[in-house]
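Understanding the architecture of this molecule
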Amino acid sequence: MARVETTSNRPYHLVIFGASGFTGQFVVEEVARTVSEGPKGTLKWAVAGRSKQKLENVLEQAAGVLSKPELRSEVDIIVADVGEPDTLAAMCKQAVIVLNCVGPYRFYGEPVVKACVENGAHHIDISGEPQGAVDLTPYLQTWESSTPGNSSRGGCIHDGTWQSAVYGFADSVKLRSLRRKFNHKPLPTVGSRLKRRGALFYSNEIQQYALPFMGSDPSVVKRTQRFLVEEHEATPTQYGAYAGVGGIGNIIKLMFAGMMFWFLVKFSFGRNLLIKMEGSSFQFAFYGEGYKEGQDPSQGKPDGKINTMVQGPECGYVATPITMVQAALTILNEPTALPKKGGVYTPGAAFAKTTLIDRLNKHGVKFSCI
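In short, a report on the structure. (Residues numbered from 1 in each chain as written. Predicted model: local features only at pLDDT ≥ 70, side-chain atom pairs only at ≥ 80, totals over all residues. Heavy atoms only, no water.)

1. Here we look at the sheet that holds strand E1 (residues 12-17)
- With parallel pairing, the five strands of this open sheet are ordered in space as E3-E2-E1-E4-E5. A single partner strand is all that each edge strand has here, and the edge strands are strand E3 (76-79) and strand E5 (122-125). Across the sheet, the axes of successive neighbouring strands diverge by a mean angle of 25°, strand direction being ignored.
- As paired strands, strand E2 (residues 45-49) and E3 are joined by four bridges and run parallel to one another. (Pairing = 2+ DSSP bridges. Helix = DSSP H or I, 4+ residues; strand = E, 2+ residues; numbered from the N terminus. Axes fitted to C-alpha atoms, helices over the stretch in contact; angles between N-to-C directions.)

2. A word on the packing of aromatic side chains
- Under the criterion given, the structure shown has six aromatic pairs.
- Consider the rings of Phe 227 and Tyr 345, whose centres lie 5.4 Å apart with planes at 85°: the pair is edge-to-face. Linking Phe 227 in helix H9 (residues 217-232) with Tyr 345 in the loop between helix H12 (315-333) and helix H13 (347-350), this pair joins segments that are 118 residues apart in sequence. Tyr 345 carries the same exposure label as Phe 227, and that label is buried. (Phe/Tyr/Trp six-rings, centres within 6.5 Å; stacked < 30°, edge-to-face > 60°. Buried < 20%, exposed > 50% of the residue type's maximum accessible area, 1.4 Å probe, protein only.)

3. Section: H9
- Between its first and last C-alpha atoms H9 spans 22 Å; for 16 residues at 1.5 Å apiece the expected length is 22 Å, and the two agree.
- Listed in full, the buried residues belonging to H9 are Asp 217, Pro 218, Thr 224, Gln 225, Arg 226, Phe 227 and Val 229.
- On the buried face of H9, the contacting elements are strand E9 (283-290) and H13.
- Phi turns positive, to about 55°, at Glu 233, one or two residues after H9. (Expected span 1.5 Å × (residues − 1). Contact = heavy atoms within 4.5 Å.)

Put into structure tokens, the structure is as follows:
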């Protein structure tokens, strides 16, 4: 069972590392809103980062936004730097859970995870980087969570998240090489094999053209399926992720933007230019087919369907902090429902037997049938 109690030597349920960054400052506000949801109705927490002055400013801002003047004096500050391992170790020794908001994780994630492992802290991040997850795997012996996802309407991406997309696309060949090193056996296929869609196709489900989704979501789902098959002998689900792009006019614009993106990521000046840009969203539709109870998958096509939607408020300012904080509160409040062994876990593996979805529904990230 996961250890979640505070002690005199480990006084904080949560430490927000990178609290003065773009995402971190909103995680601070979300934690401040939800302190009553901690164990026994309380939550002991601190903020951490390189600059004490910036952290003080974040607490001052949160105190004003939330009308909670007590944040200025009741929330402790820890100075820690990714480039200084001793400061990371000191931070992790004081935390039950480190909420790591310092990205891109492919560049800055490993030292934080290593410090958590060596000093007995759980670790939650919001990585959307397939390569970041692969690089970190050998060092993780605590809990990990990624944000439930981004799709193709509304919202925005800022700084570390956009950098993750830029550098991830540029090094996609290296990612395939890293994956081959794990030498995983293919997951078993039940029933009809999921048909791979082309680079561009018209989706009857959403009534618009769509492209394969370039984010980490398929990697996260496949990893979850592997855990469920190997640990619980569950029947694996086949999964594909696509982003709607609208009509013909949008396709032409997207093709031009794609060519420019491909060109710019090949050069350092182009990557620096792209990092100054931003744009994203938050809505997911899931269209599933399967076999009803009693149906033999080897004897015909799927005879059952289920469609669901996950949607929520603005992804950068609101939804991402909500999902991160609720994941942490789930660990603190429901340790007996978590996997029995430490290790790297996707949200689907770590929280499968918890009430995380109910918690998210209550906080505006809605899961529903469509």
